[in-house]
Each structure stands twice: as structure tokens, then as C-alpha cells.
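# A closer look at the structure
Each chain, written out:
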Amino acid sequence: MTIHLPSPDGSLRAYEPRTEPLAVTPGTPFTSRTVFSAAHVVADPFADTNPDAPAAVDWDATLAFRRHLWSHGLGVAEAMDTAQRGMGLDWAGAAELIRRSAAEARAVDGRIACGVGTDQITGGTLAEIRAAYEEQLALVEESGAQAILMASRALAAAATGPEDYLDVYGHLLRQAAEPVVLHWLGPMFDPALEGYWGSSDLDAATDTFLEVIAAHPDKVDGIKVSLLDAQREVDLRRRLPQGVRCYTGDDFNYPELIAGDEQGFSHALLGIFDPLGPLAAEAVRILDTGDTAGFRGLLDPTVELSRHLFQTPTRFYKTGVVFLAWLAGHQSHFTMVGGFQSARSLPHFARAYELADGLGLFPDPKLAEDRMKTLLALYGVNQ
């Protein structure tokens with residue numbers, strides 16, 4: 001039962017996989033926290049396509065994975081960066097994903113929120129950027145899903161200062177039918193978003209972000225913060241108007257942020273909860289009982305895996321997420337839209353397998369081992 005895994009120095013190390021998965025069972029939604037998993041898309045491995053062509057999606061496998069998340073009580077954050085939005089999945093593909101996932105959510109009574117951006121254009125005037133946002137917002141609202149106003153590459157390029165962000169977001173919030181989630185995605189996830197909210201000074205950017213919220217608190221359900229800075233998130237969380245939630249997007253520090261402190265806590269909207277779904281759900285149910293220590297005891301050991309998957313360049317974390325979905329049996333292949341299965345190294349995959357297996361994330365450890373050995377063989381590693 002030993003598997004030999006490559007290390008960064010080129011040597012092989014022996015690893016003995018566990019034989020039993022972590023015991024978790026599906027369950028109902030949570031009572032103490034609102035938790036979304038940002039979900040990946042499954043590529044169609046038989047499509048005759050290339051990285052420059054529109055994404056070819058395996059819709060059956062993609063929707064089956066969302067049903068898996070819903071079955072554990074998690075909400076699904078759809079068409080976000082975890083779904084390779086802007087990294088293989090264009091607006092046409094995202095629109096189809098939103099329509100299909102929202103319909104599936106209605107069928108199973110699952111909670112869903114969908115990303116609204118401007119990726120049908122690559123640039124333009126502020127008026128054109130507002131129109132692009134409006135088109136996507138209308139589609140999400142028509143689907144019956146909650147809207148997540150994502151950061152826009154086009155707006156980051158066109159804006160000349162904070163006032164442009166105040167204008168565009170104010171316009172969108174005034175016409176939103178229901179409260180939305182505002183998403184602040186840091187440049188570690190997308191370098192094109194450097195200087196978002198009108199400044200590379202994060203304190204100044206935070207002030208503008210809060211000004212947007214303060215002007216329309218009835219139209220903001222919450223904010224999703226993805227800056228990988230726990231203290232900054234806590235400070236921002238404490239400055240939010242009453243009733244506006246903070247959804248942590250910090251894949252480095254999520255246990256402590258969700259657990260919270262005497263002044264409050266964060267809800268969650270996390271890419272790492274794609275591979276961690278059942279375990280994360282079990283941890284939040286423990287937290288629902290008031291057992292913070294039990295919650296931390298189950299979730300804290302997952303941080304090493306998350307930090308590994310989200311290591312620099314952080315935007316390629318999706319490769320590790322899809323890799324683990326393949327090992328876990330949620331899809332039959334390790335192929336990604338845009339060809340991004342090549343974005344991480346073999347030692348990176350080996351360590352991800354080792355950490356995930358140690359946590360008991362694979363429902364069938366033997367299947368995961370066999371698939372890992374298949375990948376190793378493809379790279380020339382003989383067992």
C-alpha cells in the first residue's frame with residue numbers, strides 16, 4: 001500500500017495512504033453561519049478544442065458536483081473565479097452555467113448566488129462598463145439567484161479614481177432588485193485588479209469600499225473579502241453597517257475568521273470549500289452547537305492543504321481544486337477548460353494528494369491512490 005511521491009528536490013519519498021475516509025454524512029443547512037462553496041466546472045475531455053476556444057463543459061458532471069455540495073448543506077457560489085471565470089470560461093459559458101445551475105438549485109431547493117461581472121467586454125467607457133454589468137445582473141436576477149457583484153478588470157483599467165467606483169457601483173445598487181454581495185478580489189487572485197476601489201493603498205481603498213456600502217446598506221446583503229489578510233478583514237468587518245454580513249474569502253485564515261471573536265464573526269464564501277465541502281460542513285454543524293473548539297479542531301488541520309493549493313501564483317489554485325475532485329471521484333478525468341491542468345508541477349500535485357489523503361477527504365482512498373499512480377506514470381514515475 002505504499003506509493004512513491006516526488007519531492008521538489010527530485011527525490012522520491014514513500015507514503016502510505018490511509019485506508020478509510022473521514023466519516024461525514026450529508027445534512028441540512030446551517031444555523032449559525034451562511035456558507036457558500038465557490039464551485040469548479042468540469043471540462044468535456046472529448047471535445048476537440050484548444051485553450052483559445054470557448055470552454056467545452058461537461059454539464060452532467062458539473063451539475064452533479066453542485067448537487068454534492070447542496071447535499072451537505074452548503075450554498076453554491078456560481079460562475080466565480082473558482083469556475084475559471086476569466087481563465088478559460090468566457091461570459092457565454094458563464095451565462096449558460098448560471099442558467100443551468102440556478103435551475104438545478106430550484107429543483108433541489110439549494111441555495112445559490114452567482115457572479116456578475118463585465119467579462120463580455122475587455123475595456124470601454126464607464127457607461128459601457130455599467131451596461132455590461134447591467135446585462136449580467138439582469139440574467140442572474142431572471143434566473144432567481146442572488147447576485148454577487150464581482151470586481152471588473154475593465155473598471156480597474158478605466159477608472160481614474162474612487163469617484164468612478166462610487167458612480168458605477170451606486171448605479172448598480174440602486175437598480176438591483178434584491179440585496180447583493182459585493183466582492184473585493186485582491187490582485188493575488190487576479191493581477192489586473194491592482195488598485196481596485198481607486199487606490200493601491202488598501203486603507204484608502206477600504207474607505208471607498210465602505211462608502212459604497214454606507215450609501216446603499218439596504219441593497220448590500222454582505223461583502224466577500226479575498227485579500228488573504230485576516231486582520232484587515234476583521235477591521236473591515238467591524239466597520240460594516242448593522243445587518244451587512246462579511247463573507248470571508250480568505251483561504252489562508254478561514255477557521256479563525258469564521259469562528260470569530262467577542263465582536264463578531266465572518267460567514268464564508270470560499271474556493272477551498274470546493275474540495276473541503278463535506279468536512280467543512282461537518283465543522284460548521286459542530287459550530288452550530290456552540291462548540292468552537294470542536295469546530296477549530298476539525299477545520300484547523302485543513303489550512304495546510306489550503307495554503308498549499310493557494311500558494312503563489314495564487315490564481316492557479318483552480319488546478320489543485322480540479323485535481324482533488326478527480327482523485328475524489330467527482331469526475332472521470334483531470335482535464336480543465338483552457339488547458340490549465342498544466343498550471344502546477346508534479347511535486348505540487350503529489351503534496352496536495354498527500355495532504356488531502358491525510359485529512360480523509362477521498363471517499364474511496366483506493367481510487368484516489370490508483371489515480372495518483374496513473375498521473376505519476378504519465379510523468380514517468382514508476383512505482
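For the structure, see preceding data.
Keep in mind that what you see is a predicted model, and the values were worked out from it rather than measured.

Parameters and conventions
- Residues numbered from 1 in each chain as written.
- Predicted model: local features only at pLDDT ≥ 70, side-chain atom pairs only at ≥ 80, totals over all residues.
- Heavy atoms only, no water.
- Phe/Tyr/Trp six-rings, centres within 6.5 Å; stacked < 30°, edge-to-face > 60°.
- Helix = DSSP H or I, 4+ residues; strand = E, 2+ residues; numbered from the N terminus.
- Buried < 20%, exposed > 50% of the residue type's maximum accessible area, 1.4 Å probe, protein only.
- Lys NZ or Arg CZ within 6 Å of the ring centre and 35° of its normal.
- Core = buried A, V, L, I, M, F, W, Y, C linked by side-chain atoms within 4.5 Å.
- Contact = heavy atoms within 4.5 Å.
- Pairing = 2+ DSSP bridges.
- Axes fitted to C-alpha atoms, helices over the stretch in contact; angles between N-to-C directions.
- Salt bridge = Lys/Arg side-chain N within 4 Å of Asp/Glu carboxyl O.
- Expected span 1.5 Å × (residues − 1).
- Polar contact = N/O pair within 3.5 Å; in protein donor to acceptor, adjacent residues only side chain to side chain.

Another point: the packing of aromatic side chains. As enumerated under the stated definition, the model contains 21 aromatic pairs in all. Between Y254 and F273, the ring centres sit 5.8 Å apart and the planes meet at 85°, which makes this aromatic pair edge-to-face. Of this pair, Y254 sits in helix α8 (residues 254–259) while F273 sits in the loop between β10 (267–270) and α9 (277–288), placing them 19 residues apart in sequence. Both residues of the pair, Y254 and F273, count as buried. The structure contains a cluster of three or more aromatic residues connected by ring pairs, namely Y133, Y165, Y169, W184, Y196, W197 and F209. Stacked on the ring of F265, the Lys or Arg R33 has its end atom at 3.5 Å from the ring centre.

The next thing to look at is the nonpolar core. Grouped together as the largest cluster of nonpolar side chains are 116 residues, with contacts concentrated most on Y169, L182, Y196, I223, F273, F323 and Y353. With eight residues, the top contributor of residues to this core is helix α13 (residues 346–359). Ignoring sequence-local partners within four residues, the contact set of Y169 consists of Y133, L149, M150, A151, L155, L182, Y196, W197 and V212. Listed in part, the ten residues of the second largest apolar core include A38, M150, Y247 and L269.

A few words on the sheet that holds β10. Judged by pairing direction, the barrel is parallel, and its eight strands sit side by side in the order β3-β4-β5-β6-β7-β8-β9-β10 before closing back on the first. Geometrically, the sheet is characterised by an average inter-axis angle of 25° between neighbouring strands, direction not taken into account. In the sheet, strand β3 (residues 35–38) pairs with β10 via three bridges, with the strands oriented parallel. Bridging across to β10, V35 finds its partner in A268. Strands in contact with helix α1 (residues 59–71) are β3, β4 (75–78) and β5 (112–116); relative to β4, the strand with the most contacts, it is inclined by about 145°.

Here we take up the pattern of salt bridges. Applying the stated rule across the entire model yields 19 salt bridges. Across the salt bridge formed by D167 and R130, the nearest N and O atoms sit 2.9 Å from each other. Here D167 is found in helix α5 (residues 162–175), whereas its partner R130 is found in helix α3 (residues 126–143), with 37 residues between them in sequence. By relative accessible area, which is 37% here, D167 ends up partly exposed. As a salt-bridge pair, D261 and R238 come within 2.6 Å of each other at their nearest N and O atoms. With a gap of 23 residues between them, D261 in the loop between α8 and β10 and R238 in helix α7 (residues 230–238) connect regions that are remote in the sequence.

Let's shift gears to helix α2 (residues 91–108). For α2, built from 18 residues, the straight-helix expectation of 26 Å at 1.5 Å per residue is met to within 8% by its first-to-last C-alpha distance of 25 Å. The elements touched by buried residues of α2 are α1, β4, β5 and α3. Phi turns positive, to about 60°, at D109, one or two residues after α2.

Further remarks concern the environment of S226. Position of S226 among the secondary structure elements: in strand β8 (residues 220–226). Given a relative accessible area of 0%, S226 falls into the buried group. Linking S226 and F189, residues 37 residues apart in sequence, is a C-alpha distance of 8.2 Å. With residues near it in sequence (within four places) discarded, S226 still touches H183, W184, L185, G186, M188, F189 and G249. Separated by 3.0 Å, the side chains of S226 and K224 make a polar contact.

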